[in-house]
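Chain by chain, the residues run as shown.
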Amino acid sequence: MGLHVIGVFTLLGIILNHTVAFENGRVTVSCETMTPDHGSTSQRSPSPFIIRVDKDVFIPGDQIKVTLTGRRPGTSFEGFLLQARDATDMNSDPVGTFILIDKASQLLACGNVNDSAVSHTSSSGKHTVTVLWNSLTVKRDQVQFLVTVVQKFNTYWVQLHGPVVSQLNASPLPIQTPLTVPSSVQLSKPFNVTECGSQSFCLRDPPGCDPETDQTCCFFSFAVQGRSVLFQLSGPSQGYVSFALSGDQSMGADDIYLCIVIDQSIQIHPAHSTGRSHPILNSQVSIYDLAWRLEDGVIKCSFRRNIQLPEHSERFDLDKHYYIFLAEGRAENGRIEKHHRQPLITQTKVYFAGEPKEITGSRSPLSIKAHGALMFIGWVTTVNVGVVVARFFKPACPTRTLFGERLWFQVHRILMGTTVLLTCIGCILPFLYRGGWSHHAGAHPYFGCAVLTLIIIQPILAIFRPHPQAPRRYIFDWTHWGMGTAARAIALAAMFLGMDLPALDLHNPWDTSVMVGFITWHVMTELILETHNYLTTYKELEAKEDKMNIMVSNSGELNNLQVHALQFSFFIKGIFARPEVQKMPLIFLVNHNVLQYSMKVNSI
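Residues numbered from 1 in each chain as written. Predicted model: local features only at pLDDT ≥ 70, side-chain atom pairs only at ≥ 80, totals over all residues. Heavy atoms only, no water.

Participant: Help me out: how do you make sense of the overall build of the protein in this one?
Facilitator: Helix and strand content of the protein: nine helices and 29 strands. Buried positions account for 42% of the 604 residues belonging to the protein. Entry remark: accessible area of the protein is about 32400 Å², with carbon and sulfur atoms responsible for 60%. (Helix = DSSP H or I, 4+ residues; strand = E, 2+ residues; numbered from the N terminus. Buried < 20%, exposed > 50% of the residue type's maximum accessible area, 1.4 Å probe, protein only. Areas by Shrake-Rupley, 256 points an atom, 1.4 Å probe, with all protein chains shown as cover.)

Next comes the structure, spelled out in structure tokens:
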């Protein structure tokens, strides 16, 4: 009897200890599989819970806020186990460490790494849990969050896949086919553009094109049919075509749909984005009636989805106003790359529940167009005219004044001030549009910032310029000329680089021809003016030489050496009379001695 009692109490102790261990969240035994030992199977239905992160791109040392919450307000859960793993190997050990924010969670050691997982502290109902994930020691390119959620003891979901966060400039993950793939069929009939504006909304690039007859046509249409919406998408691409619904004209927090070429077939994937990064693929259960066709490098796909999908928080309700993005790009072995040109974005928000109409869009945002226009005006017109005026038109009207200053100087100052203003405004616009620095624009923004720096320093130096007769005036003259010339050269390089950026959407080779024509015009203009200046100086030298000959003929006392010295003195004086030569530092130092020698020779 005593042995039986001891056995019963021992068994009860094991059971109670096992139960308490799960209630207090000490579930390190489940670190590898993340499966609770509750004596039942996990749920196969869509989970009512979701993981959210505050950013999806990181550098080692960044902290990312991770939130586990219900898809609907008020949805509670009793327990959870949260980890972060290598997105390319979901069976690997956890990566990174966590930092607690509230008292409803605790840190665990999984994979022999302290603080690499988070779990609950009690079985009391919870609606939201938030922690910080520290990426200091992470060397993986992509990391994905996993969570097991226990809603009730026998109701739980194992290894729910959360967002993927990527290291800065890391390659995107290859497309992986979801476990549940809706069946798709070949398109049986062409897209009907005659219904555009009457029965369906249509967005076309170029406007009015027909995707069945024009292989360069990018076409998107949607039609509200009862409680669902039929989407049709077509465009030339070797990789993928896609569209996105957005609350603004910037990428981020968008509802995205991609038609991707994989093994000579097309897979249609819903996705969403949380920033300027590659989209995160979602389950295909939210779309149905999938159809596609791939021929002659043109992707065509169509599908249907319900207007409201409350069980899918990543999907937008289709009875509101949204901007529409159209994009295409390359894909290799299911790995999508960044779109190779600026997406086509509607000019205004589209009301999905409104009357069907033709929609218009542009691949170049207005702020980027304004940036290009301002820079073109400033560095192709005003700055170059100002340089020509200062260099060649000083003798044209030496006595005329404007607002108390010499006319040429005031014209030069007005044109250069206009260039400074246009440059400052033009440089601000891209930062406002991008919301920061653009890491995809190559060297163009660096060149632009260099030009902006030089062009701001120039007027500051001009305020402190010395008097024209000051002995060190040549230092200012050469600094002013050197910085101005450098700014013009860098600005020219920046414009050539900027012409090929997708956001500007210029048409080649028209844009290159304009720039080459401008350079040719400016070089020819300066050569003509330089030639004219040289001929004018040469005529002045001839007149002085005639004067010298008259002096020689009136005096028979000059020997040959004195005659040659006198000729040399007139030549040197003519050269030194040119403004651009007077700015040369070495010549400036010997100018005084040469002129003194010339005066002595003339007095013989």
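Participant: Can you walk me through the environment of K357 in this structure?
Facilitator: Among the secondary structure elements, K357 is positioned in the loop between strand 25 (350-351) and strand 26 (358-359). Through-space distance from the C-alpha of K357 to that of F201 is 5.0 Å; in sequence the pair is 156 residues apart.

Participant: Teacher, can you tell me more about the packing of aromatic side chains here?
Facilitator: Each aromatic ring pair is specified by the distance between its two centres and by the angle formed by the two planes. Counting across every chain of the model gives 24 aromatic pairs. Seen from their ring centres, F58 and W133 are 5.6 Å apart, and the 90 degrees between their planes marks the pair as edge-to-face. Placement of F58 in strand 2 (residues 57-58) and of W133 in strand 8 (residues 128-134) is noted, with a sequence separation of 75 residues between them. (Phe/Tyr/Trp six-rings, centres within 6.5 Å; stacked < 30°, edge-to-face > 60°.)

Participant: Help me understand the packing of helix 3 (residues 407-434) against helix 4 (residues 444-463) in this model?
Facilitator: A pair of packed helices can be characterised by two numbers: the angle between their axes and the separation between those axes. In contact at an axis separation of 10 Å, helix 3 and helix 4 are set at 145 degrees when each is read in the N-to-C sense. As helix 3 runs across helix 4, the sense of the crossing is left-handed. Listed contacts from helix 4 to T419, V420, T423, C424, C427 and F431 of helix 3 are G448, C449, L452, I455, I456 and P459. Of the residues that constitute the contact of helix 3 with helix 4, the class distribution is nine nonpolar, three polar and no charged. (Axes fitted to C-alpha atoms, helices over the stretch in contact; angles between N-to-C directions. Left-handed = near helix turned anticlockwise from the far one by under 90°. Contact = heavy atoms within 4.5 Å. Nonpolar A, V, L, I, M, F, W, Y, C, P; charged D, E, K, R; others polar.)

Participant: Quick question: what am I supposed to make of empty space enclosed by the protein here?
Facilitator: Rolled over the atoms, a probe sized like a water molecule indicates the empty space that remains. A full pass over the atoms with the stated rule returns one cavity of 30 Å³ or more. The space that makes up the largest cavity amounts to roughly 40 Å³. Taken together, C218, F219, L233, S234, V241, S242, L326, A327 and E328 make up the lining of the largest cavity. Of all elements in the fold, only strand 13 (218-225), strand 14 (228-236), strand 15 (240-246) and strand 21 (321-329) reach the threshold of two or more residues within the lining of the largest cavity. A per-element tally of the lining of the largest cavity places strand 21 first, with three residues. (1 Å grid on protein atoms, 1.4 Å probe; cavity = no way out; pocket = protein on both sides within 12 Å on 5 of 7 lines; lining within 4 Å. Points joined across faces, edges and corners; volume = space filled by probe spheres on them.)

Participant: Help me out: how do you make sense of the sheet that holds strand 7 (residues 113-120) in this one?
Facilitator: Hydrogen bonds along the backbone pair up the strands of a sheet, which may run parallel or antiparallel. Spatially, 2-10-9-4-7-6 is the arrangement adopted by the six strands of the open sheet, whose pairing is mixed. Each having just a single partner strand, strand 2 and strand 6 (105-110) make up the two edges of the open sheet. Inspection of the sheet shows strand 2 paired to strand 10 (residues 155-167) by two bridges, in the parallel sense. Looking across to strand 10, one finds that F58 is bridged to Q167. (Pairing = 2+ DSSP bridges.)

Participant: Would you mind showing me how to read unusual backbone geometry here?
Facilitator: Backbone phi values are negative for most residues with the exception of glycine, while trans is the configuration of most peptide bonds. Each neighbour pair has its own omega, and for D205 with P206 the value is 0 degrees, a cis peptide bond. Tracing the sequence through the fold places P206 in the loop between strand 12 (201-205) and strand 13. A positive phi angle is found at Q159, which is not glycine, with a value near 50 degrees. Of the residues examined, Q159 reaches a relative accessible area of 24% and is grouped as partly exposed.

Participant: Please clarify how the environment of C31 should be interpreted in this entry.
Facilitator: Counting through the fold element by element, C31 comes out in the loop between helix 1 (2-23) and strand 1 (49-53). Placed 77 residues apart in sequence, C31 and L108 show a C-alpha to C-alpha distance of 9.0 Å. Apart from the residues lying within four places of it in its own chain, the contact partners of C31 are Q83, R85, A109 and C110.

Participant: Mind showing me how you'd approach the state of the cysteines here?
Facilitator: A disulfide bridge is the covalent bond that connects two cysteines by way of their sulfur atoms. Tallied over the entire structure, the rule returns four disulfides. The partner cysteine of C31 in its disulfide is C110, sulfur to sulfur 1.8 Å. Looking along the S-S bond of the C31-C110 disulfide, the torsion reads about -60 degrees, which is the left-handed sense. Highlighted residues: C31 in the loop between helix 1 and strand 1 and C110 in strand 6, separated in sequence by 79 residues. (Disulfide = S-S within 2.5 Å.)

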